[in-house]
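Here are the chains, one letter per residue:
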Amino acid sequence: SSINPQYVVGRPVIYLVVDHFSRMIAGFYVGFEGPSWLGAMMALENAFTEKVSFCEKYGIEIREEDWPCSVYPQSITADRGEMVGYASDQLVPAFNMRITNTPPFRADFKSLVERQFGITTRRGIERQPGWVDKMKDRGGSDYRLDATFDIHSFTQLMIELILFNNQSRRIGGPVHKDY
């Protein structure tokens, strides 16, 4: 908790918006509400807006060319969960974009985003105190009691990971063997 570090408030839900052609993370959202329309819209809003002032709110100074993602896309390919329904239909006339949803049980259609979660976890989240180790032995210490991040500092960590990703994993750039 950002109010009292002794309180454990839960694990954050992360939304990523990935540009299909450049493989850049165009936007993201970190929050505590479960998978929801609100979380998806917050991630899209972040993807549509400039990032310099957004990063300033978290004490990170960047230039516009460090994260040059602030345009409305022509189309969005989404997971079925949050983008199926009447609310998502309002994006089509409002922003003149096309929304398609992946079919059920076809993770290969959203492999860019799915893989980005794995890369982000390996690159920075699993190295932090309080991360969930699914291979941990039973009876060990409770990972929740090891947690040190509040939502603000976790968002700062995500910004740093995204900036690293966007600047080092561009198409045609160097190949990293740990991916």
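All figures in this text were calculated on a predicted structure; none of them were measured in a lab.

Student: Got a sec to walk through the nonpolar core? Specific residues and values, please.
Tutor: In terms of nonpolar packing, the biggest core is built from 38 residues, with F28, L44, W67, M83, M158 and I159 touching the most fellow members. Put simply, the parts of the chain that give this core at least two residues each are β1 (13–18), β2 (25–31), α1 (37–48), α2 (52–56), β3 (75–78) and α8 (151–168). For this core, the element with the highest residue contribution is α8, accounting for 7 residues. Apart from residues no more than four positions distant in its own chain, L44 is found in contact with V17, I76, M83 and L91.

Student: Account for the pattern of salt bridges, naming residues and giving values.
Tutor: Considering all chains together, one arrives at 2 salt bridges under this definition. In this structure, R63 engages E65 in a salt bridge whose closest nitrogen and oxygen atoms are separated by 2.8 Å. Residues R63 and D66 are paired through a salt bridge, measuring 3.0 Å at the closest nitrogen-oxygen approach. Taking relative accessible area as the criterion, D66 reaches 14% and is therefore assigned buried. Taken together, the shared-partner salt bridges connect R63, E65 and D66 into one network.

Student: Give me the lowdown on the pairing of β3, citing residues and values where you can.
Tutor: Alternating residues of β3 divide into I76 and A78, all buried, and S75 and T77, none buried. For β3 and strand β4 (residues 98–101), the ladder comprises 4 bridges, and the chain directions are parallel. Bridged to T77 within β4 is T100.

The rules behind each value
Each chain has its residues counted from 1, running along the sequence as written. For a predicted model such as this one, the threshold for reporting local features is a pLDDT of at least 70, and the threshold for listing and counting side-chain atom pairs is 80 or more; totals across whole chains, interfaces and linings nevertheless cover every residue. For the side-chain quantities, the full set of heavy atoms in the structure was used; hydrogens and water were omitted. Among buried residues, those of type Ala, Val, Leu, Ile, Met, Phe, Trp, Tyr and Cys that are joined through side-chain atoms within 4.5 Å constitute a nonpolar core. Per-residue accessibility, obtained with a 1.4 Å probe over protein chains only, is compared with the maximum for each type, and a residue is labelled buried under 20%, exposed over 50%, and partly exposed between these values. To qualify as a helix, a DSSP run of H or I must reach at least 4 residues; to qualify as a strand, a run of E must reach at least 2; elements of each kind are numbered from the N terminus. Contacts: residue pairs with any heavy atoms within 4.5 Å of one another. Salt bridges are defined as contacts in which a side-chain nitrogen from Lys or Arg sits within 4 Å of a carboxyl oxygen from Asp or Glu. The pairing criterion for strands is at least two bridges between them, as found by DSSP.

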